[in-house]
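Letter by letter, the chains look like this.
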Amino acid sequence: MYIHLKTLGCRLNEAELETWAHAYQTAGHQITREPEQANLVIINSCSVTSDANRKSRQLIRRIHRSNPKAKLVVSGCYATLNPDEAADLLGVDMVISNADKDQLVHKSLTELDFDNMPSMSTEPGEFSLFQRGRQRAFVKVQDGCRYRCSFCIVTVARGDEISRPIQQIIDEINTLYQQGIQEVILTGVHLGGYGHDIYTDLSQLIQTILSATDIPRVRLGSLEPWELSDHFFQLFENQRLMPHLHLPLQSGSDSVLKRMARRCKTAEFTTLIDEARSHIAHFNVSTDIIVGFPGETESEWQQSYDYIKSVGFGQMHIFSYSPRTGTKAAEMNHQVPNATKKQRSQQLHTLAADMRHEFIQTNLGQTFDVLWEAKSMAADEQDEKQWVFGYTPNYLRVACQTDKQNKLENQILKAQLSALQNSYIETQLIT
Ligand code: SF4
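Sequence positions are assigned chain by chain, starting from 1 and proceeding in written order. Residues qualify for local features only when their pLDDT is at least 70, as the model is predicted, and side-chain atom pairs are given and counted only at 80 or more; totals for whole chains, interfaces and linings, by contrast, use all residues. Neither water nor hydrogens contribute to the side-chain values; these are computed over all heavy atoms in the structure.

Chemist: How do you make sense of a positive patch on the surface when you look at a structure like this?
Modeler: A cluster of like positive charges, contributed by K6, R61, R62 and R65, occupies part of the molecular surface. The element that contributes the greatest number of residues to the positive patch is helix α2 (residues 50-66), accounting for three residues. Elements are defined by DSSP. Helices are runs of H or I of four residues or more, strands are runs of E of two residues or more, and each kind is numbered from the N terminus. Checked against the element boundaries, R62 lands in helix α2. Exposure above 30% relative accessible area and the absence of a salt bridge qualify a residue for a patch, where like charges join within 9 Å and nonpolar side chains (Val, Leu, Ile, Met, Phe, Trp, Tyr) within 5 Å. Surface accessibility follows the Shrake-Rupley procedure with a 1.4 Å probe radius. Residue values consider only the protein chains on display as shielding. Any carboxyl oxygen of Asp or Glu that lies within 4 Å of a side-chain nitrogen of Lys or Arg is treated as forming a salt bridge with it. Note on charges: Lys and Arg go in the positive column, Asp and Glu in the negative column, and His and the chain ends are not counted at all. For charged residues, the charge sits on one atom: NZ in Lys, CZ in Arg, CG in Asp, CD in Glu.

This is the structure we're talking about:
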């Protein structure tokens, strides 16, 4: 049987998709990139904003239109928070809440009525990540969050914190490495809370991964900027831990952060960033910012803008606040008009582009180990050249032009960063 998996939203959803893909393969099914070819389609939906809800519905409808015969299973935050609405969408055969995600593969295979059951088992060495065009693997290490940031619906949808045992994670990473994966990204709803429920912590997990596996690159997924243990940044002295952190700040105004019920104010954030940058050269910090949070005054906005500018981020994801039913922020007075949100968002997008540009400039001329991932299809036919893309340790997207017979994919090779193009940085391979 052919199975197509699709996700929207966070890296945790990505990680879950990888786990399911692997489980379907182990059960003897094949993963396909083409929804039209699939007998079963799995959608891991998202609900982080109302736009994400809309996109989840759109995706479900689009997939059903492209292959009305396939069985369609929907899980994820949108499906968990709106189970009846999701079940009523045309073509949906099964809705699986986040709480039952561990059962998704089993339930979909046993409770749906398929004409053809699997008859053959997976090819040795075949692996979902490559089939899905990925060279890096997401590893989910924990789920849930014990905090209640006032805008966050995810914490309501995901429930309590549950950490996976360290040995289970080590085994998964060792298996991924044997299958050819060069880089793992540790993910969780509240990654920094890893181990809270099993008497350990994230630093201990990272240390164990670095000592008990040979995976060349370990990267951390989005990490709330609190609860990091003392000496956390010393871990990055091991060059297998990639010098990039995505630390969601959400606002650069302390009074807004207070209304958001965030556990990290600007002074603490500055301390973290200073520590990171003092330990590792070219450390990349990216972030999320919400503009137009309820009651965000002009002066709070200005404070926020100035603070963000003073920190300087390598990349910034900007969200215009939208109320999510079931959260505290949705009930707050003084919702900011859409026109104001739009104008603040535009201002921040301009700043984000400038800061990215500035960060990249400080990296030009440097030589980094690049994990080469994907080839460009638009290679120059005539002179037998191809463009290959990849990421530096500090998560800059780079490209190099090489001979077509040069197989760089999934290798880690040195390259010197030479020039900034639109969405990538041109490099010269060092051979
Ligand atoms: S810490 Fe993150 S997951 Fe937890 S409530 Fe806040 S935003 Fe949501």
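Now that the structure has been shown, we can carry on.
Chemist: Could you clarify how one ought to interpret helix α11 (residues 266-279) in this entry?
Modeler: Counting along an α-helix, one turn takes 3.6 residues, and residues three or four places apart therefore face a common direction. Working rule for helices: expected span equals 1.5 Å times residues minus one. Taking 1.5 Å of rise per residue, the 14 residues of α11 would be expected to cover 20 Å, and the 20 Å separating its terminal C-alpha atoms lies within 8% of that figure. Burial classification: accessible surface area is computed with a 1.4 Å probe over protein chains only, and a residue below 20% of its type maximum counts as buried, one above 50% as exposed, and the rest as partly exposed. Residues of α11 that are buried: T266, F269, L272, I273 and A276. Down the axis of α11, the buried side of the element spans an arc of 120 degrees, and every buried residue falls inside it. Those residues of α11 that are exposed and aimed more than 90 degrees away from the buried face are A267 and S278. Residues of α11 that are buried in the fold lie against α10 (254-259), β11 (284-291) and α12 (298-311). The directions from the helix axis to the C-beta atoms are what the arc is built from. Should any heavy atoms of two residues lie within 4.5 Å, those residues are considered in contact.

Chemist: What should I look at first to understand the side chain of T7 in this one?
Modeler: Take T7: it is sitting in strand β1 (residues 2-7). For T7, a relative accessible area of 17% puts it in the buried group. Residues adjacent in sequence count toward polar contacts only when both atoms are side-chain atoms; beyond that, a polar contact is any pair of N or O atoms within 3.5 Å, and within protein one must be able to donate a hydrogen and the other to accept it. Only 3.5 Å separates the side chain of T7 from the backbone oxygen of N44, close enough to count as a polar contact. Not counting residues up to four positions away in its chain, the partners in contact with T7 are N13, E14, L17 and N44.

Chemist: What is the right way to look at the pairing of strand β6 (residues 136-143) in this model?
Modeler: Every other side chain in a regular strand lies on the same face of the sheet, so the side chains alternate between the two faces. In terms of burial, β6 is a largely internal element, eight of the eight residues being buried. Should DSSP find at least two bridges between two strands, the strands are taken to pair. Alignment of β6 against strand β8 (residues 183-188), held across six bridges, turns out to be parallel. Bridging from a neighbouring strand, V139 pairs with L186 of β8. Bridge analysis of β6 against strand β7 (residues 162-163) gives two bridges, and the strand direction is antiparallel. If you follow Q142 over to β7, its bridge partner there is S163.

Chemist: Would you mind going over the pattern of salt bridges with me for this structure?
Modeler: Side chains bearing opposite charge may pair, as long as their charged atoms lie close to each other. Inspection of the entire model under this criterion finds 19 salt bridges. Salt bridges linked by common partners bring R136, E183, R217, R219 and E373 together as one network.

Chemist: Any chance you could explain the sheet that holds β11 here in plain terms?
Modeler: As a general point, the strands of a sheet are linked pairwise by backbone hydrogen bonds and lie either parallel or antiparallel. Pairing is parallel across the open sheet formed by three strands, whose spatial order is β10-β11-β12. Lying at the two open borders of the sheet, with one neighbouring strand each, are β10 (244-246) and β12 (315-320). Neighbouring strand axes in the sheet, compared pairwise and without regard to direction, differ in orientation by 10 degrees on average. Along the sheet, helix α13 (residues 338-363) contacts β11 and β12; its crossing angle with β12, the most-contacted strand, is approximately 175 degrees. To get an axis, fit a line to the C-alpha atoms, keeping to the stretch in contact for a helix; angles then go from 0 to 180 degrees between the N-to-C directions.

Chemist: Would you explain α12 in this entry?
Modeler: A rise of 1.5 Å per residue sets the reference length of α12, with its 14 residues, at 20 Å; its end C-alpha atoms lie 20 Å apart and thus fit the reference within 8%. Taken together, the buried residues of α12 touch α10, α11, β11, β12 and α13. Once α12 ends, the next one or two residues include G312, with phi positive near 75 degrees.

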